[in-house]
Every structure is written in C-alpha cells, then in structure tokens.
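Commentary on secondary and tertiary structure
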Amino acid sequence: MGEGVLTVPGGQDTGFVPDPVLLLEDAGLSRHDGALLDGGVSLARVAGDFGTPAYVYNADVIRRQFRELDEALAAVPHRICYAVKANSNLGVLRVLRDLGAGADIVSEGEMARALAAGFSSDRIVFSGVGKREDELRAAIAAGIGHVNVESMAELEVLARLAEDAKTPVPLGIRVNPDVTAETHPYISTGKRGIKFGIPLDQVRPAAAMIRKHPGLELVAIAMHIGSQLTDTQPFAEGAGRLVELVDAVRADGTTTLRELDVGGGLGIRYLDEQPMSPRAYAAALVPVVKPTGLTLYLEPGRFLVGASGVLLTRVLFRKHSGGKEFVIVDAGMNDLERPSRYQAYHGIIPVEQRAGAPLVADVVGPVCETGDFFALDRDLAPMEPGDLVAILCAGAYGFVMASNYNTRPLPPEVILDGGRAWLSRPRQAVAELFRSERVTSEDR
Ligand SMILES: Cc1ncc(COP(=O)(O)O)c(C=O)c1O
C-alpha cells in the first residue's frame, strides 16, 4: 500500500523552515560552491544527462540505513525483509539483496521483480490482504519463505492448494493486534475494524486448522501496524500481543514456529519529525522478542529507501494569479503522488543556489487538477524559470505510485553509486504508452 505523513496541518507550511542540515545529511546531499551534490555527484549534471523529471537514488544512503538497523538488532537472530512496494526498482533491489536483505512482497509482480534482482525465494515473505489463487500457486511453486495469511478465507484457499504440495507450505498468521499507531489514517493498519490481519480471537482457531493439515506449516506470527511511525511504543505493544499468541498456540500444540514478524513502519524525517532511532526501536523490541527464541523478521520499506531518493524537476514558469505566487515545474502529481494524496510534506530546494528574493509560493505541476501540487504557500529559496529543483525524500512510495495520467511518460530512475550515475530505468517513450492499444476492433 501507499502511505504518507501528515506532519503539518494541510501538509503544508506553517512558517517553520525545516533544518536543511539534517535533511541534507539524511539524503546524502551536500553543497559545493552553491551546487547540490548527491553522493558526490552533481545533480545538475544528472539532469543534463538524463533530463527532467527524473528520480535519483543514492545507493550509499540505502546501505547506511540497512546497516544501522542491522547493527542495532545484533542481539537477536533477525532478517530484514525489504518491503518491495516502497521502491521496486531492480537496481535498488540489488543493492539491498547484496546487503543480505530478504524481501517482503504483495503481488506476483513484486515476486517476479525480487527474483529478477537475485533474491532467493526462501527469503521472500508474501504479505497482502487480497492475494489471488494464481498468485498463491506461483508463490508456492517458487518455494516462497512464508505466506502471511490475512483471513480464514485465504487460509481455506491455501489448504486446498496445499493438497498437491510436495512439502508443507510455510505460513505466517498476520494478526491484527489492535494497537493504535499515530500516523495518517490511510496507513494505520493494525487497529481493530480495518481490513488488515486476522483478529486476535481467530488466531488460535487458524493455528489449529494449520496444525491439522499435513500440507501446511505455521512458521510465523506476524503484524504490520502502520507506516511512517515515529514512536517505539506501538511496536512494543504489538510485539507483546504477538508473543502472547506465540505462547498460546505453542500451548495448544504448535511446534513449528520459527519467526516473529513485526512488519515495517519505521518512519523518517520529511520535515521536523523526530523518528525513533534504530537503537531505540531495537531496545523496545529485543527484550519482548528474545525470550521466544524466534528469529525476528522485519519488513521495512520507507526507512531503507525514503531518504535516498530525490525527484529532480525543472521550473517551467512563474506566475502570479489571484494574489498568489505559483512555481510551475515539469514534474506532476502523476510522478509523485504523496503531496496530493496524503498532503505529505517534501522539502523542495534549488539544485543551484541563486541570488534574489526568497518567495512564498505554491509549487505545482502540469497536470490538469488543482490537486496537482508539491507544496502550498511554501517558503522557498529564490527560483526562476529554467532552474532545477530537488524534491527531497522521494525514494519511497514515489516512482512506484507514479502513473501515466495525462498520458505523461514515467520518469527515468537513476542510481548514484561510487561517485557515478547510472540509468537503471530509462524514461518511457510516448509511443510505448499506447503501443498495445487498438484503435478499432479490426485493428491488428
Ligand atoms: C505488510 C507490510 N509490510 C511492510 C510494509 C512497509 O511499510 P514501511 O514502508 O512503512 O516500512 C507495508 C506497507 O504498507 C506493508 O503493508
């Protein structure tokens, strides 16, 4: 699913100027003679080589995030299964695979991407509330690490599919632990009465059904309570409920558990958030999980890739209308949906600093919707037509949620690594957008 953060009423400006030092540091950005460098590479040069709008990901930032989390959890056996939905670019996936990550997927398409990037199937977790039968079949055939089951109805389908399985199908039960997590309501996923997970009172019956079925094996108890969480408390509370369930299903006779999966959700700084550190996160979880003897599984997405990405865009025009100032850029809501969908805040900074007066403006795109904005009434550094700007923290739930709305081609994805920029995915060509469409039924 997508996600967002509503840190500022309306997601926009309050006169608060985000600490540019922290935001730049998080993103691996620095200034040299006024020019913005990303991982030591000039973003002006990247725009010159690949055009705008363009997504740019800094591989070293992804590595830093992974290692921080991995090291913080050293006290328990653990596996970090990267949530592919956050950014499914193959180059990004390869960076994470090389670090030793597993993958958390929610569709056959994401499984295909993870396999194409080199993840081994037994390190893949299949999550999601609405898996199709053909997708489950494909996952079983591929030798998936485990499937997190989200309803009794899904469990019945799996029981049927497992009749022909040569080895027992490894399952996790994704529990709805009924905890409240402070975040945007669209991405709070662990509360009673929302569509995710098996309710607490159905977990033991589900485990009993799995125990009785020779083709199924219960290996994990799981949760995912929400995204962009900044506080450790709901994780500790949710994990505590999972541990109670582990004890209960073990007492009922389950002997096959191997993993306790606490999902993703670690937040990042978009503006002035104070996200929990990996150490604080580990300090909240480790004492709860360790006594179970299970391997701790995590499914972070945003935390690993969010700060690593910028959306590079160019100012097309400035315009004064109805008493307001507008900066019109060449990226649109179809490229980065988070501001319009969740009223999410993204820092917007010039790639090359220029002299002039700062401004207060709406930063908007070319799409034919009033909701096509990146910032409203934002305090901005001076920027003029032709200038390049970087939209920060665009590495998670950015490109993956992009669309072809207004028949706009998807932007390219560029990876910065070792002081070099390489093109992982080229810009879509307009002709590609309708190549497979037919004008009439007689068309071939
Ligand atoms: C089951 C599951 N795991 C992990 C994630 C990743 O969340 P985040 O990017 O906040 O870490 C999500 C996000 O929607 C999810 O639904």
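First things first, this report covers the structure right here in the doc.

Reading guide: rules and limits
Residues numbered from 1 in each chain as written. Predicted model: local features only at pLDDT ≥ 70, side-chain atom pairs only at ≥ 80, totals over all residues. Heavy atoms only, no water. Pairing = 2+ DSSP bridges. Helix = DSSP H or I, 4+ residues; strand = E, 2+ residues; numbered from the N terminus. Salt bridge = Lys/Arg side-chain N within 4 Å of Asp/Glu carboxyl O. Axes fitted to C-alpha atoms, helices over the stretch in contact; angles between N-to-C directions. Left-handed = near helix turned anticlockwise from the far one by under 90°. Contact = heavy atoms within 4.5 Å. Nonpolar A, V, L, I, M, F, W, Y, C, P; charged D, E, K, R; others polar. Near = heavy atom within 4 Å. Polar contact = N/O pair within 3.5 Å; in protein donor to acceptor, adjacent residues only side chain to side chain. Areas by Shrake-Rupley, 256 points an atom, 1.4 Å probe, with all protein chains shown as cover. Phe/Tyr/Trp six-rings, centres within 6.5 Å; stacked < 30°, edge-to-face > 60°. Buried < 20%, exposed > 50% of the residue type's maximum accessible area, 1.4 Å probe, protein only. Core = buried A, V, L, I, M, F, W, Y, C linked by side-chain atoms within 4.5 Å.

Spatial ordering of the open sheet is given by β1-β2-β3, a layout of three strands whose pairing is antiparallel. This sheet does not close on itself; its edge strands, each paired only once, are β1 (29-32) and β3 (41-42). In terms of strand pairing, β1 meets strand β2 (residues 35-38) through four bridges, oriented antiparallel. Paired with H32 across the bridge in β2 is A35.

Under the counting rule described, the total for this entry stands at 21 salt bridges. Members of the salt-bridge network, linked through shared partners, are D60, R63 and D417.

In this section: the packing of helix α3 (residues 59-72) against helix α4 (residues 90-99). The interhelical angle for the contact between α3 and α4, taken along N-to-C directions, is 35°, at an axis separation of 10 Å. Where α3 crosses over α4, the handedness of that crossing is right-handed. Each of A59, I62, R63, F66 and R67 in α3 lies in contact with α4, whose residues at this interface are V92, V95, L96 and L99. A per-class count over the contact of α3 with α4 returns seven nonpolar, no polar and two charged.

This part covers the site of the ligand. If you check the shell around the ligand, you find 16 residues, and the closest are S227, G265, E299, R302 and Y397. Within the backbone of G265, one N or O atom sits 2.8 Å away from an oxygen atom of the ligand. In the environment of the ligand, an oxygen atom lies 2.8 Å from a nitrogen or oxygen atom belonging to the backbone of R302. Notes on the ligand: free accessible area 400 Å², of which the protein chains cover 98%. Residues belonging to the shell around the ligand are distributed by class as follows: four nonpolar, seven polar and five charged.

Now for the packing of aromatic side chains. Enumeration according to the criterion identifies three aromatic pairs in this entry. On the basis of an interplanar angle of 85° and a centroid distance of 5.9 Å, the ring pair of Y55 and F399 is categorised as edge-to-face. Taken as a pair, Y55 in strand β4 (residues 54-58) and F399 in the loop between β19 (388-391) and β20 (413-417) lie far apart in primary sequence, 344 residues in all. Of the two residues, Y55 and F399, neither departs from the other in class, the shared state being buried. A centroid spacing of 5.1 Å and a plane angle of 85° characterise the contact between F235 and Y281, whose relative ring orientation is edge-to-face. Pair noted here: F235 is in helix α9 (residues 233-252) and Y281 is in helix α10 (residues 278-289), with a separation of 46 residues, a long-range link. The residues F235 and Y281 share a single accessibility class, namely buried.

With 104 residues, the main nonpolar core has L96 and I173 as its most contacted residues. No other element matches the seven residues that α9 contributes to this core. The contact partners of I173, leaving out residues within four places of it in the chain, are N148, V149, I198, V203, A206, A207, I210, L218, A220, I221 and A222. Grouped together as the second largest cluster of nonpolar side chains are 19 residues, L24, L43, L312 and L416 included.

Before going further, it helps to examine the environment of D98. With respect to the helices, strands and loops of the structure, D98 is situated in helix α4. For D98, a relative accessible area of 53% gives the class exposed. When the C-alpha atoms of D98 and H78 are compared, they prove to be 16 Å apart, with 20 residues separating the residues in sequence. Looking at D98, its side chain comes within polar contact range of the side chain of R97, at 2.6 Å.

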